[in-house]
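Here are the chains, one letter per residue:
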Amino acid sequence: MGLKTILNYPPREPLAVLPSPFHLLSRASERWGQGRRIWCKRDDLTGALLTGNKVRKLEFLAAEALNTGCTVLVTAGALQSNHCRATAAVAAQLGLKCELILRGEEQELSGNYLLSKMLNAEITYVSRRTTGDEMTVHLADSERRWAAKGEKALTIPIGGSDSMGIWGYILAVEELMADMEQNALSQVAIVHATGSGGTQAGLNAGVLLHGASADVISYAVCDDESYFNAKAQEDWENLRAYRSELPDEPIKTLTSDKYIGPGYGRAGDEIFDTLAELARLEGITLDPVYTGKAYHGLVTDLSQNTFPSEASDIIFMHTGGVFGIFPHASAVQAALGRG
Ligand SMILES: Cc1ncc(COP(=O)(O)O)c(C=O)c1O
């Protein structure tokens, strides 16, 4: 273990069911481990509607909203965004209003989109081709619209990945270190899906700040390796900019962009085959957008001897996303036919 920094966390609204369970996947280890053990950190069990990694970030973002007198949470993402659904759930739970700026058009309700509507989020539709920078402009416009109505909005960037959201996974590393201690794990590789970079930034910052003996391997689901390495570093730098007590050194990042497949939100048969097999073996369901790609990347790298860590214990971070499977029912059905 390296040096530990004494951390002064910002205020946090307790919303998630924590600590999340941690357990060995013994049959998956036998099937895919190549002599290594695969463990699972069940962040998919952080709450029924709050499920996944987003709620860890939202605990800090919601506290910021409440402490600054905000009455509305506004965020942005894809029509089936897990982060947007979790934000809508947090807002409803705290009695706040919520606006979601979603890429796409009004359509039949399904998956996260259905849940966000049920949770009473006000939805603003924008073009599917809206870029991240354009979303930032939409968020600023929304903040002004709410102000004109006498409301105060907290605008949360895509994925809740900013210098406040990052605290969620800095804190999660403390939890992981307790899991490691309880299970006598001295050196691990932590594997997860990276989509907006915040979980990656938080995990790597947490490893640095808490001195954890862990390599963090981030499997990209959209942009490439250099984008994510830079984005995670940027989140860390933005945090350091207002926290001068934090060490003046970069975080270590290790991104693999080999398993994005046809693109964000689209997955090949191999992903559906792997997630169907894991469900059969361990009773754990992954989604084809995030966790399925990361898990498939992990087991493929293990089988090809290209996994970039020597650790004999691997922790797969299950970051949630179960509702993302329902819009892909026919691809799952085809995988079941093949299996
Ligand atoms: C289920 C799931 N896993 C992983 C991620 C990636 O997390 P991040 O956006 O922090 O990179 C997301 C969101 O983007 C997600 O919804």
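Refer to the preceding data block for the structure.
The residue count restarts for each chain, going from 1 along the sequence in the order it is written. For this predicted model, a pLDDT threshold of at least 70 governs which residues receive local features, and a threshold of 80 or more governs which side-chain atom pairs are given and counted, while totals over whole chains, interfaces and linings are taken from all residues.

Draft legend 1. How the structure looks around the sheet that holds strand β10 (residues 313-318). A strand pair is defined by DSSP finding two or more bridges across the two strands. The way it works is that DSSP assigns letters per residue, a run of H or I at least four long becomes a helix, a run of E at least two long becomes a strand, and they are numbered from the N terminus. In space, the 6 strands of this open sheet follow the order β1-β2-β10-β7-β8-β9, with mixed pairing throughout. The open sheet terminates on both sides in strands that have one partner only, identified here as β1 (22-24) and β9 (255-256). Pairing between strand β7 (residues 188-194) and strand β8 (residues 214-220): 7 bridges, direction parallel. Paired with Ala-189 across the bridge in β8 is Asp-215.

Draft legend 2. Representation of the packing of helix α7 (residues 198-210) against helix α8 (residues 225-242) within the structure. Packing of α7 against α8 leaves a shortest axis separation of 8 Å and a crossing angle of 65°. Note on packing geometry: the crossing formed by α7 with α8 is right-handed. Of the residues in α8, those in contact with Gly-198, Gln-200, Ala-201, Asn-204 and Ala-205 of α7 are Phe-228, Ala-232, Asp-235 and Trp-236. Simply put, an axis is a line fit to the C-alpha atoms, just over the touching stretch for a helix, and the angle between two N-to-C directions goes from 0 to 180 degrees. If you view the pair so one helix is near and one far, a crossing is left-handed when the near helix is turned anticlockwise from the far one by less than a right angle, and right-handed when it is turned clockwise. Any residue pair is listed as a contact if its two C-beta atoms, each placed from the backbone, are within 7 Å.

Draft legend 3. Expanded view of the sheet that holds strand β4 (residues 97-103). Strand order in the open sheet formed by 4 strands is β5-β4-β3-β6, and the pairing between neighbours is parallel. Only two strands of the sheet have a single partner each, and these edge strands are β5 (122-126) and β6 (153-156). Averaged over all neighbouring strand pairs, the angle between strand axes comes to 20°, with direction disregarded. Inspection of the sheet shows strand β3 (residues 72-78) paired to β6 by 4 bridges, in the parallel sense. From the neighbouring strand, Val-74 faces β6, where its bridge partner is Thr-155.

Purely geometric numbers; function is a separate question.
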